[in-house]
Structure formats: C-alpha cells, structure tokens
Amino acid sequence: MVEETVVLPSRVKNLFEAATVEEVKERMAQLTPESERQWGKMNPAQMLAHCSATIGMAMGKTSPPRILIGRLLGRLAKKSLIVNRTPMRRNSMTEKSCLVTDERDFVVEKQRLGESIDRFATGGPGVCTKHPHFFFGPLTPLEWAVLMYQHLDHHLRQFRV
C-alpha cells in the first residue's frame, strides 16, 4: 500500500508552534474544577488526564492497534480534521487506553498536561511515534502536532475555555 502524502494548508495551528502552545496554556489557565462540560461524561480533571494520555500516545508511550472503522474511514476523517481543519465532533471515538473514568486530582492533572505539552512541543518531530494512529493511520510528525492541537481545542471547547 502506498502512503499518501497530505499537504497541509499554511498557518495551520499545531503544537510545534510556540504561539499555539501559549494559546492552549492560556485557555487551560481558565479551566477550574467547577467548569461545566457542554457534552460528554468527563469532569475537568478527567479531561486533563485524558489529554495527557493522548499526547503520550502521540509520543509512543502507548501503541494501540488500528481499528476496522479507522481502516475504512480514517483517511477521509484525517483529511477533514487535519487538512480542512474541521473541528472534532462532540462525543468522538476514544481509544480505550485513553479513557479516564476514575476520579483525578485537578491540580495534579493540570500540571501533568502542561508538562506533557511542553515535552511534545520541545521534543519536536523526533518525539512523535511512527506507529499509526488507531483511527487515522500513519501520521507525519506535523500531522501529529496538528491533531494534538485539534484534540486539545476540542476538549477546551467542551468546557467553554
């Protein structure tokens, strides 16, 4: 199978850009343990832990297998989300290893996510896994950086920050 090269539009937000990292951290600073979700089941602390887990996946800390629906639709969804910058939909599919259902400490998880973002951003392309995304399939480091921004934006919007 030939890997398709995706051409990203200029000025797409990604976690390799310092200004984008700063924007995300400013939005995270507005989040409180009492922030109300607009959809989904996670509370703010669980969401922060979930976002740390997904950044860990991007850096190869977990390597979940591809799923059938991703093999069938992943390429189209990847183009929509990463290239066309369509925001993630409410209640999007979550990889099992990134699900957080237990109670978490908000302060600890906020600190952990900030550190995860910093490790990803300062690590640059070399920090990204070569393992395919469970749904989207193979991603370049820049595509991982765009996806991680899109994912954080999705969950910050979930709590109106």
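Described in the following lines is the structure provided in the data block. Residue numbers run consecutively from 1 along every chain, following the written order of its sequence. With pLDDT at 70 or above as the cut-off, local features in this predicted model cover only qualifying residues; side-chain atom pairs require 80 or more to be listed or tallied, and sums for whole chains, interfaces and linings still use all residues. Processing note: side-chain calculations cover all non-hydrogen atoms of the structure and skip hydrogens and water entirely.

### Describing the overall build of the chain
Item 1. Helices and strands together make up the secondary structure of the chain, namely 5 helices and 0 strands.
Item 2. Counting from the amino terminus, helix and strand elements in the chain follow one another as α-α-α-α-α.
Item 3. The globule rule used for comparison is 2.2 Å times the number of residues to the exponent 0.38, while the radius of gyration itself is calculated over C-alpha atoms. Here the C-alpha radius of gyration of the chain, 15 Å, is about what a compact globule of 161 residues would show, namely 15 Å.
Item 4. Expressed as lengths along the three principal axes of its C-alpha atoms, the size of the chain is roughly 45 × 30 × 25 Å.
Item 5. Summary of the burial criterion: residues with accessible area below 20% of their type's maximum are buried, those above 50% are exposed, and those between are partly exposed, where the area comes from a 1.4 Å probe applied to protein chains only. For the chain, with 161 residues in total, the buried portion stands at 46%.
Item 6. In these tables, accessible area is a Shrake-Rupley quantity obtained with a 1.4 Å probe, and a residue counts as shielded only by the protein chains included in the view. Accessible surface, the chain as shown: approximately 8900 Å² in total, 54% of it carbon and sulfur.
Item 7. Charged-residue counts in this description rest on Lys and Arg as positive and Asp and Glu as negative, His and the chain ends being excluded. Charged side chains are reduced to one point each, which is NZ for Lys, CZ for Arg, CG for Asp and CD for Glu. Charged side chains in the chain number 23 positive and 17 negative. The centres of these two groups are separated by 7 Å. In DSSP terms, a helix is any run of H or I states spanning at least four residues, a strand is any run of E spanning at least two, and both are numbered starting from the N terminus.

### Side note on unusual backbone geometry
If a residue is not glycine, its phi is most likely negative; likewise, a peptide bond is most likely trans.
Item 1. If you check the backbone angles, R85 has positive phi at about 60° while not being a glycine.
Item 2. Structurally, R85 is set in the loop between helix 3 (68–83) and helix 4 (106–123).

### Observations regarding the packing of aromatic side chains
Item 1. Any two of the Phe, Tyr and Trp rings considered here, Trp counted by its six-membered ring, make a pair once their centres fall within 6.5 Å; the pair's planes then place it as stacked at under 30 degrees, edge-to-face at over 60, or tilted in between. Tallied over the full model, the rule gives 2 aromatic pairs.
Item 2. Considering the side-chain rings of F135 and F136, the 5.3 Å spacing of their centres and the 90° angle between planes classify their relative orientation as edge-to-face. Accessibility classification places F135 together with F136 in one group, the buried group.

### Notes on the environment of I67
Item 1. Turning to its location among the elements, I67 is positioned in the loop between helix 2 (44–58) and helix 3.
Item 2. According to the relative accessible area criterion, I67 is partly exposed, its value standing at 25%.
Item 3. Remark: the alpha-carbon pair of I67 and W39, spanning 28 residues in sequence, is separated by 24 Å.
Item 4. Residue contacts are defined here by distance: any two heavy atoms, one from each residue, within 4.5 Å place the two residues in contact. Ignoring anything within four residues of it in the chain, the contact list for I67 reads M93, F134 and F135.

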